[in-house]
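Examining the three-dimensional arrangement
Given next are the chains, with one letter for each unit.
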Amino acid sequence: MLLLSGASYAAENYDFPFTDPFKATVFGTPAAYKADLPKDDEINREVLSLDIFPEREVPEVFWYQEEFEYSVVYQEKPAPLVFSIAGTGGKYNGGKMKALEKAFFKAGYNVISITSPTHASFIVAASESQLPGDLANDAEEIYGVMQKTLAHAKDELGDKLQVTDFYLTGYSLGGAHSAFISKLDEEKKVFDFKKVFLVNPPVSLYNSVIILDGYVESVGTAAVKQTIDSIFRRLGENVSHADRVELTPDFIYKMFVAAGVNDAELAQLIGLAFRLSSTDMIFAIDVMQNWGAITYKNHEISKHESISHSFARGAQVGFLTYFEQAMVPIAEEKDPSMDRTQMINRLSLTSLAGYLMSADKISVVTNADDIILASPDLAFLTKTFGDRAKIYPYGGHCGNMDEKVWVEHMLAFFAAEK
């Protein structure tokens, strides 16, 4: 075992096959290495929807998102409840969120899964400000949504949902949000979380965005399109020659290997996925705020109208442009003493360093090769969390979230006494 400032670089019994961070990030955990989790039909799960702003007029283009959807996993007996927060652009029903639900259900927990505030559905149906990205403000909004969804779920499910204690987790950006929510709850005392588990959080959101956006900006969107076209052409050729076609992660991985997809191409895929998430976010903000930045100002977009031209413009923007041209000016207008440097610090776990260092109930798990972490970030996590930091030697960004040892560690942390 390697050690750095008290945090373990966990290798004992860890059995994850990808030592390449890009492969780990894109392909995740192969079936043979996954924790033994229940199947979809073996857990009690309901998808519920809540009208958080009944007075809000939702633009027609968002007709399918007038209410806020979330999921509830319940034990039908008294049990603790875990709030789970999705990562950038993630929904309550994404693959990572469902894996967490199954792990917690098997261990005896209730779960409420909540979409990221950077997703259009949260912006349209659950956000007061409709300006995601400021972690402290996001935390306030998620915290309010958590209270509303819990009350709503209790009304809908009755005795099926009986809660004894509260826990909190989130992955990627949701991990950073969880830290800010935990700090807020120390003041508000609504939930009094027993444990908080941060999964692969960015230390500095700004630095992580620079890394992810850089995968696109370094080559340009036109070159990324050519790369994607090339990958899919090669994949198509390999799939057509396959003896058996199965749309499983393991099969897709084999096809990628056969197609000779390299790290540079995988990095562009990752960058493209992030750019699409930020484009979806910026489109929702632009429509709801009527800014006219990528859509036509004062134009009501119908549900049958093509929005491809708006998304094409949005794909050229990126999160950094949103930060520089929207977040910073708005923050400076609200608080003239605020400047760009202070705003960047607000988007960082370093702004909570004192709290995180003293909060024994909070643990962090990440990977030494996490692609969203800049050089000083691992040192910050190990110094701040000490032995409450679990750092696996490889796994990329959230690639190992359902690996056997990883899941065992998460559940052991929740089950352990303070």
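Residues numbered from 1 in each chain as written. Predicted model: local features only at pLDDT ≥ 70, side-chain atom pairs only at ≥ 80, totals over all residues. Heavy atoms only, no water.

The protein is annotated in an unreviewed UniProt entry as Alpha/beta hydrolase of Corallincola holothuriorum.

Concerning the overall build of the protein
We count it as follows: Under the scheme used here, helices are H or I runs from DSSP no shorter than 4 residues and strands are E runs no shorter than 2 residues, and both carry numbers assigned from the N terminus. Three labels apply to residues, based on accessible area from a 1.4 Å probe with only protein chains included: buried if under 20% of the type maximum, exposed if over 50%, partly exposed otherwise in between. Any pair of residues with heavy atoms lying within 4.5 Å of one another is described as a contacting pair. The method behind every accessible area is Shrake-Rupley, applied with a 1.4 Å probe, and residues are considered shielded solely by the protein chains displayed. Only four residue types enter the tally: Lys and Arg on the positive side, Asp and Glu on the negative side; His and the chain ends are excluded. Charge coordinates come from a single atom per side chain, which is NZ of Lys, CZ of Arg, CG of Asp or CD of Glu.
When its secondary structure is counted, the protein shows 15 helices and 10 strands. Residues classed as buried in the protein amount to 54% of the 418 residues present. Summarising the internal contacts of the protein: among those between residues at least 6 apart in sequence, 78% fall at separations of at least 24. When the accessible surface of the protein is totalled, it reaches about 18,200 Å², and 51% of it is carbon and sulfur. For the protein, the distance from the average position of its 37 positive side-chain charges to the average position of its 57 negative side-chain charges is 3 Å.

Some details on the domain arrangement of the protein
Note the threshold: As annotated, the domain borders come from an automatic or database domain assignment. When two parts are put together, the accessible area they lose, computed with a 1.4 Å probe and summed over both, is reported as buried area. Think of a salt bridge as a Lys or Arg side-chain nitrogen and an Asp or Glu carboxyl oxygen that are within 4 Å of each other.
Its domain assignment divides the protein into domain 1 (27-203 + 349-415) and domain 2 (209-334). Its C-alpha centre places domain 1 at a distance of 24 Å from the equivalent point of domain 2. Between domain 1 and domain 2, the contact holds 26 residues from the first and 28 residues from the second. In total, domain 1 and domain 2 occlude about 2,300 Å² of area from one another, counting both sides; carbon and sulfur atoms represent 72% of this. Summed over the shared surface of domain 1 and domain 2, the number is zero salt bridges.

Concerning the nonpolar core
Stated formally: To define a nonpolar core, start from buried Ala, Val, Leu, Ile, Met, Phe, Trp, Tyr and Cys residues and group those joined through side-chain atoms within 4.5 Å.
Counting residues in hydrophobic clusters, the biggest one holds 131 residues, and the most contacted among them are Phe83 and Trp406. If one sorts the elements of this core by residue count, helix H9 (residues 263-289) sits on top with 12 residues. Each of domain 1 (27-203 + 349-415) and domain 2 (209-334) gives at least three residues to this core.

Structural notes on the packing of helix H2 (residues 95-106) against helix H15 (residues 404-415)
Stated formally: Axis definition: a line fitted to C-alpha atoms, over the contacting stretch in the case of helices. Angles run 0 to 180 degrees between N-to-C directions. Just so you know how the angles are binned, under 35 degrees is roughly parallel, over 145 roughly antiparallel, 65 to 115 roughly perpendicular, and the rest oblique. A crossing counts as left-handed when the near helix is turned anticlockwise from the far one by less than a right angle, and as right-handed when that turn is clockwise. All amino acids are sorted into three groups, where Ala, Val, Leu, Ile, Met, Phe, Trp, Tyr, Cys and Pro are nonpolar, Asp, Glu, Lys and Arg are charged, and the leftover types, Gly among them, are polar.
As a packed pair, H2 and H15 sit with axes 11 Å apart at the nearest point and diverge in direction by 55°. Looking at the two axes, H2 sits oblique to H15. Here the hand of the crossing between H2 and H15 comes out right-handed. For the pair H2 and H15, the contacting residues are Leu100, Ala103 and Phe104 in the first and Trp406, Val407, Met410, Leu411 and Phe414 in the second. Looking at side-chain class alone, the contact of H2 with H15 contains eight nonpolar, no polar and no charged residues.

Looking at the packing of aromatic side chains
The line we're drawing: Note on aromatic pairs: the rings of Phe, Tyr and Trp (six-membered ring only in Trp) are paired at centre separations within 6.5 Å, and the planes decide the class, stacked below 30 degrees, edge-to-face beyond 60, tilted for the rest.
All told, the structure shown has 25 aromatic pairs when counted by the stated rule. Measuring from ring centre to ring centre gives 5.6 Å for Phe319 and Tyr322, while their planes differ by 75°; the resulting arrangement is edge-to-face. Placement of the pair is Phe319 and Tyr322 together in helix H11 (residues 318-334), with a separation of three residues, close to one helical turn. Each of the two residues, Phe319 as well as Tyr322, counts as buried.

Describing helix H4 (residues 135-157)
Worth spelling out the cut-off: Expected span of a helix, by definition, is 1.5 Å for each gap between consecutive residues, and there is one gap fewer than residues.
Its 23 residues give H4 an end-to-end C-alpha distance of 31 Å, which sits within 8% of 33 Å, the value for a rise of 1.5 Å per residue. Two residues or fewer past H4, Gly158 is found with a positive phi of approximately 60°.

Overview of unusual backbone geometry
The backbone of Ser172 shows a phi angle near 55°, a positive value even though the residue is not glycine. Following the sequence through the fold, Ser172 ends up in the loop between strand E7 (162-171) and helix H5 (173-188). Take Ser172: its relative accessible area is 10%, and that puts it in the buried class.

A word on H11
Short version of the rule: Values of bend correspond, residue by residue, to the angle between axes fitted over the seven residues ending at that residue and the seven starting there.
For H11, with 17 residues, the first-to-last C-alpha span of 24 Å sits near the 24 Å given by 1.5 Å per residue. Taking the largest bend as the criterion, H11 deviates by roughly 30°, centred on Glu324. Of the positions making up H11, those classed as buried are Gly318, Phe319, Tyr322, Phe323, Ala326, Met327, Val328 and Ala331.

Looking at the environment of Pro376
Mapping Pro376 onto the fold places it in the loop between strand E9 (362-367) and helix H14 (377-385). Along the chain, Pro376 and Leu198 lie 178 residues apart, while their C-alpha atoms are 18 Å from each other.

Side note on the side chain of Lys102
Examined against the element boundaries, Lys102 turns out to sit in helix H2. Here Lys102 is in contact with Leu37, Pro38, Lys39, Asp40 and Ile43, once residues within four sequence places are set aside.

Brief notes about the pattern of salt bridges
The full count for this structure, using the stated rule, is 13 salt bridges. Its salt-bridge partner being Asp134, residue Arg346 comes within 2.6 Å of it at the nearest N-O pair. Residue Arg346 is found in helix H12 (residues 340-346), and its partner Asp134 is found in the loop between helix H3 (120-125) and H4; the two are separated by 212 residues along the sequence. Residue classification places Arg346 among the partly exposed residues on the basis of a relative accessible area of 29%. Look at Asp134 and you get buried, because its relative accessible area is 12%.

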